[in-house]
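Below, each chain spelled out in residue letters.
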Amino acid sequence: MKKLLFINACIRGDRSRTLRLCKKYISAFLSWHTDYEWTELDLNEMSLIPQTREVLDRRDAFIEAGDFSDPMFDLAKQFMDADHIVIGAPYWDLEFPSLLKIYFERVSVSELTYDFLGDHVDAYTKAERAVYITTAGGYTIGKNYGFEYAQGLFSFLFGINRMDLIMAEGLDIEGADIEGLLKDAMNRAEEIAKE
Ligand SMILES: Cc1cc2nc3c(=O)[nH]c(=O)nc-3n(C[C@H](O)[C@H](O)[C@H](O)COP(=O)(O)O)c2cc1C
């Protein structure tokens, strides 16, 4: 079976509108792509340690030794093995929740997930496609830095050149038709899931 990896940064859990969109996308994707199974990483439930000096020193020592057997590399290996990656992250402070940045730091491991070779990067990840799902209280108007960052990172380091965006905006604006906005985004999710 192929693998869909759902990176869930929807911190508000069951109250999260972003999570509703993610669930819609994943169920539509699995109904069209029956050769897939899926795994969810609920970042809120994981004890992700920020990349402190101690963590970095330990990591660098393993990289130097070419030894990636420590559990600190498990997330990176899982990421490398995924065929399709779904990121669910609300729009926070023009970007995304910080737990997602820690996750990205965990999976961006030189000499494991990619090699920077001066004039180009060799990526060792399997996925060719990812989807970024978000909702925003206001409008992102040219400042969707979370999506742009994820898109840039995936393309540059991992050779994942396609990242679709599924988004509902303006949800917290007074009088917003929240269900209508989510429905539009869900329709888009269903379209992308078919591909
Ligand atoms: C910590 C925090 C930061 C936020 N920052 C922004 C922001 O910069 N711009 C904006 O339009 N909405 C912002 N919002 C509102 C959320 O984007 C909006 O409520 C979103 O739908 C939350 O997603 P969720 O329902 O999946 O949790 C913020 C909300 C929180 C809790």
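How each quantity is defined
- Residues numbered from 1 in each chain as written.
- Predicted model: local features only at pLDDT ≥ 70, side-chain atom pairs only at ≥ 80, totals over all residues.
- Heavy atoms only, no water.
- Axes fitted to C-alpha atoms, helices over the stretch in contact; angles between N-to-C directions.
- Helix = DSSP H or I, 4+ residues; strand = E, 2+ residues; numbered from the N terminus.
- Parallel < 35°, antiparallel > 145°, perpendicular 65-115°, else oblique.
- Contact = heavy atoms within 4.5 Å.
- Nonpolar A, V, L, I, M, F, W, Y, C, P; charged D, E, K, R; others polar.
- Expected span 1.5 Å × (residues − 1).
- Buried < 20%, exposed > 50% of the residue type's maximum accessible area, 1.4 Å probe, protein only.
- Arc of directions from axis to C-beta.
- 1 Å grid on protein atoms, 1.4 Å probe; cavity = no way out; pocket = protein on both sides within 12 Å on 5 of 7 lines; lining within 4 Å.
- Points joined across faces, edges and corners; volume = space filled by probe spheres on them.
- Pairing = 2+ DSSP bridges.
- Right-handed = clockwise from strand over helix to strand, strands pointing away.
- Near = heavy atom within 4 Å.
- Polar contact = N/O pair within 3.5 Å; in protein donor to acceptor, adjacent residues only side chain to side chain.
- Areas by Shrake-Rupley, 256 points an atom, 1.4 Å probe, with all protein chains shown as cover.
- Phe/Tyr/Trp six-rings, centres within 6.5 Å; stacked < 30°, edge-to-face > 60°.

Draft legend 1. Inspection of the packing of helix H3 (residues 74–81) against helix H4 (residues 98–107) at higher detail. With their axes 7 Å apart at the nearest point, H3 and H4 run at an angle of 85 degrees to one another. It follows that H3 is roughly perpendicular to H4 by the angle criterion. Along its contact with H3, which presents Leu75, Ala76 and Phe79, the element H4 presents Tyr103, Arg106 and Val107. Partitioning the contact of H3 with H4 into residue classes produces 5 nonpolar, no polar and 1 charged.

Draft legend 2. Molecular detail of helix H2 (residues 53–65). In a regular helix each residue adds 1.5 Å, so 13 residues correspond to 18 Å; H2 covers 18 Å between its end C-alpha atoms and thus fits that length. Looking at H2, one finds that the buried residues are Val55, Arg59, Phe62 and Ile63. Along H2, the residues classed as buried sweep out an arc of 100 degrees about the axis, all on the same side. Counted as exposed and oriented over 90 degrees from the buried face of H2: Arg53, Glu54, Glu64 and Ala65.

Draft legend 3. Quick look at the layout of surface pockets. Of the volumes computed, that of the largest pocket is approximately 200 Å³. For the largest pocket, the full set of lining residues is Ser47, Leu48, Ile49, Val55, Arg58, Asp70, Pro71, Met72, Asp74, Leu75 and Arg106. Put simply, the parts of the chain that give the lining of the largest pocket at least two residues each are H2 and H3. Looking at side-chain class alone, the lining of the largest pocket contains 6 nonpolar, 1 polar and 4 charged residues. Estimated volume of the second largest pocket: approximately 160 Å³. Forming the walls of the second largest pocket are 13 residues, and the residues nearest its centre are Arg12, Arg17, Pro90, Trp92 and Thr135. Residues that form the lining of the second largest pocket fall into these classes: 6 nonpolar, 4 polar and 3 charged.

Draft legend 4. Structural view of the pairing of strand S6 (residues 129–135). Of all the 7 residues making up S6, 7 are buried; the element is thus mostly covered by neighbouring parts of the structure. Here 5 bridges tie strand S3 (residues 84–88) to S6, and the two strands are oriented parallel to one another. Paired with histidine 84 across the bridge in S6 is arginine 129. Once the chain exits S6 it traverses helix H5 (residues 145–158) before rejoining the sheet at strand S7 (residues 162–168), and the crossover so formed is right-handed.

Draft legend 5. Examining the site of the ligand more closely. Around the ligand, a shell composed of 15 residues is seen, among which Ser16, Thr18, Tyr91, Gly138 and Asp172 lie nearest. For the ligand, an oxygen atom lies 2.5 Å from a polar atom in the side chain of serine 16. For the ligand, an oxygen atom lies 2.8 Å from a polar atom in the side chain of arginine 17. Relative to its unbound accessible area of 640 Å², the ligand is 75% covered by the protein chains. When the residues that make up the shell around the ligand are grouped by side-chain class, the tally is 6 nonpolar, 5 polar and 4 charged.

Draft legend 6. Region of interest: the packing of aromatic side chains. For the structure on display, the rule yields 15 aromatic pairs. Seen from their ring centres, phenylalanine 104 and tyrosine 149 are 6.0 Å apart, and the 55 degrees between their planes marks the pair as tilted. Taken together, the residues phenylalanine 104 in helix H4 and tyrosine 149 in helix H5 connect sequence positions 45 residues apart. A relative accessible area of 1% places phenylalanine 104 in the buried class.

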